[in-house]
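Close look at the chain arrangement
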Amino acid sequence: MKKRKIITFLKYSLDDPHSGGGEITLENTIRGLAGKSHEVYVIVGGKDETLKKTPNVTVHQTPAYKNLRPIDFFSAARWLKKTAEIKPEIIHSFYAESFLANLYGRLKGIPVVQEIHYADLHPYTLKEVLEYPKKLSGFLWAVHLRIAKLGAKSADIIITPSKYMKDKMIGKWGIKPGKIEVIPVGVNEDVFTIKKSKKEWDSFRILFVGRLVREKGLDLLLQSINKVSETHTNLFLTIVGEGPLRREYEKLAKELGINEKMSFVGWTSRENILGYFEVSDVLVVPSLAENFPRITLEGMGAGLPVIAASVGGIPEQITDGVDGILIEPASPGKLAFALNELILKKEKMSRLRNNARVTASRYSIEESIIRLEGVYHKLLHNPGIKLVK
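Below: a short report on this structure.

How each quantity is defined
What you see as residue numbers is a count from 1 along each chain, following the sequence as written. Reporting of local features is limited, given that this is a predicted model, to residues whose pLDDT is at least 70; pairs of side-chain atoms are given and counted only at 80 or more, and all residues count toward the totals for whole chains, interfaces and linings. Only hydrogens and water are set aside when side-chain values are computed; all heavy atoms of the structure are taken into account. Two strands qualify as a pair provided that DSSP identifies no fewer than 2 bridges between them. Here a strand is any run of E in DSSP of at least two residues, a helix any run of H or I of at least four, and the numbering for each starts at the N terminus. Only the stretch in contact is used when a helix axis is fitted, and all axes are lines through C-alpha atoms; the angle between N-to-C directions ranges over 0 to 180 degrees. The contact definition used throughout considers only heavy atoms, calling two residues in contact when any of these lie within 4.5 Å. Burial here depends on accessible area, computed with a 1.4 Å probe over protein chains only, as a share of the maximum for the residue type. Under 20% is buried, over 50% is exposed, and the range in between is partly exposed. For a helix, the expected span equals 1.5 Å multiplied by the number of residues minus one. Throughout, the arc means that of the directions going from the helix axis to the C-beta atoms. Definition of nonpolar core: a set of buried residues of the types Ala, Val, Leu, Ile, Met, Phe, Trp, Tyr and Cys, connected through side-chain atoms within 4.5 Å. A clockwise course of the path from the first strand over the helix to the second, judged with the strands pointing away from the viewer, identifies a crossover as right-handed. Salt bridges are counted wherever a side-chain nitrogen of Lys or Arg sits within 4 Å of a carboxyl oxygen of Asp or Glu. Pairing of aromatic side chains requires ring centres within 6.5 Å, counting the rings of Phe and Tyr and the six-membered ring of Trp. Pairs whose planes differ by under 30 degrees are stacked, by over 60 edge-to-face, and all others tilted.

**Let's talk about the sheet that holds strand β7 (residues 180–182)**
The strand order β3-β2-β1-β4-β5-β6-β7 describes an open sheet built from seven strands, whose pairing is parallel. The open sheet has two edge strands with one neighbour each: β3 (57–62) and β7. Put simply, the sheet's adjacent strands are angled 20 degrees from each other on average, direction ignored. Pairing of strand β5 (residues 112–115) with strand β6 (residues 157–160) involves three bridges; the strand directions are parallel. From the neighbouring strand, Q114 faces β6, where its bridge partner is I158. Where helix α1 (residues 21–35) meets the sheet, its contacts fall on β1 (5–10), β2 (39–45), β3 and β4 (90–93), and the angle it forms with β1 comes to roughly 160 degrees.

**Things to note about the sheet that holds strand β9 (residues 235–240)**
Taken in spatial order, the six strands line up as β10-β9-β8-β11-β12-β13 in an open sheet, and their pairing is parallel. Edge positions in the sheet fall to β10 (262–266) and β13 (325–327), since each of these pairs with one other strand and no more. Averaged over neighbouring strand pairs, the angle between their axes works out to 20 degrees when direction is ignored. Taken together, the four bridges between β9 and β10 define a ladder with parallel strand orientation. Bridge pairing in β10 places T238 opposite S263.

**Remarks on the environment of K163**
As for its placement among the helices and strands, K163 is situated in helix α7 (residues 163–173). On the basis of relative accessible area, K163 is assigned to the exposed category, the value being 58%. Separated by 17 residues in the primary sequence, K163 and I180 place their C-alpha atoms 9.6 Å from one another.

**So, helix α14 (residues 346–360)**
For α14, spanning 15 residues, the distance from its first C-alpha to its last is 21 Å, which sits close to the expected 21 Å at 1.5 Å a residue. Of all the positions in α14, only K348, M349, L352, R353, A356, T359 and A360 are classed as buried. The arc enclosing the buried residues of α14, seen along the axis, measures out at 135 degrees, which places them on a common side.

**Considerations on the nonpolar core**
Residues V42 and V57 are the most contacted members of the largest nonpolar core, which totals 36 residues. Ranked by size, the runner-up nonpolar core spans 32 residues in total, among them L237, F264, V284 and I307.

**Brief notes about the pairing of β6**
Burial along β6 is two-sided: the residues I157 and I159 and I158 and T160 are all buried. Alignment of β6 against β7, held across three bridges, turns out to be parallel. Bridge pairing in β7 links I158 to I180. In this view, the connection linking β6 to its parallel neighbour β7 by way of α7 has right-handed handedness.

**Brief notes about the pattern of salt bridges**
Counting across every chain of the model gives 20 salt bridges. For the salt bridge of D190 with R270, the shortest nitrogen-to-oxygen distance reads 2.8 Å. On the criterion of sequence distance, the pair formed by D190 in the loop between β7 and β8 (204–209) and R270 in helix α10 (residues 270–278) is long-range, its members being 80 residues apart. We classify R270 as partly exposed; its relative accessible area is 24%. E248 is paired through a salt bridge with R214; the nearest N and O atoms lie 2.8 Å apart. Highlighted residues: E248 in helix α9 (residues 246–256) and R214 in the loop between β8 and α8 (218–228), separated in sequence by 34 residues. Shared partners join several salt bridges into a network, and the residues in it are D190, R270, R294 and E298.

**Here's the deal with the packing of aromatic side chains**
Applying the stated criterion to the full structure yields seven aromatic pairs. On the numbers, 5.2 Å between centres and 70 degrees between planes, the contact of F94 with Y95 is edge-to-face. For F94, a relative accessible area of 8% gives the class buried. Its relative accessible area of 9% is what places Y95 among the buried residues. Relative to W141, the ring of Y118 has its centre 5.6 Å away and its plane inclined at 85 degrees; by these criteria the two rings are edge-to-face. Taken together, the residues span a long stretch of sequence, with Y118 in the loop between β5 and α5 (126–131) and W141 in helix α6 (residues 135–153) at a distance of 23 residues. One aromatic cluster in this structure is built from F9, W79, F94 and Y95.

Structure below.
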């Protein structure tokens, strides 16, 4: 397609401990579009030296993003100002803070694409807020979701990586099905180059990668490790990630008596994460809520059998017993059973590992960019349409 002038917004650079799968997805999108010679303007809260060195990418650095609930209105205002200055042909948004830029695009007739990568849209209704365990937190998140909905309603099309979230937006936000595009995230090719560097079966190494927050379910994994270690003493858990609950989880590990069978690595670089993929036997994703987690596909691409809770869009990634194992969420017992089964069944481990690589290879960044360009083309060649009402 014709080369276009695109603006997007990035809360954190990849070397920021607060960055996660969403930031990786957005940076991949930026590089992919730039690689097709589109002119991409990125407004980033902080430094991002890697993007600055990328051809066809212009980086505008703003003060660091502040994680203020319900949103950082200062960043929203800065993003609006930069959008007005740059005058893009397309606005590609990713966060709720882009709602002002989206409204500007709607007023100026600039096509707006909004991505939604939330794990859930709960709590959203007043009833859900009142039933939420921490009512203040639930109320603030409900406000955030309403601002996010405003940004989405101001867009011409919404992109989300899973059918699960598409259904959520149809049900809770009243978005019409034909106005949401499902474009799964692509997998970075570097995971497919990973080779096992350790002697298999000399010990069983379990890997967790994620933010140390309640919805990622690390406490459930710790409880399951406690159960498994009663019969299998030669195992080790590596926890990669940082978050507000780290001390609580470290305390829980000591109380369970498994602190010597595990290591809290904290936040680390992507290069180091690839190293942990290389020396691990299984990746566990015990989340209570997810959309379409990148880490699941990356683990599969690295040849790791993945045990994951059957929540959100994860069942769209994994076929139970074929290329991974799906378990009931919030069930340490079911997770312990799945770990025991892999420890005992070498043949199943090998089969899952091989099938996982094949499944992950179907999710390419190139394909995601091609589909995204198709969305741009449709919007630019139908300037009168309003896809989201």
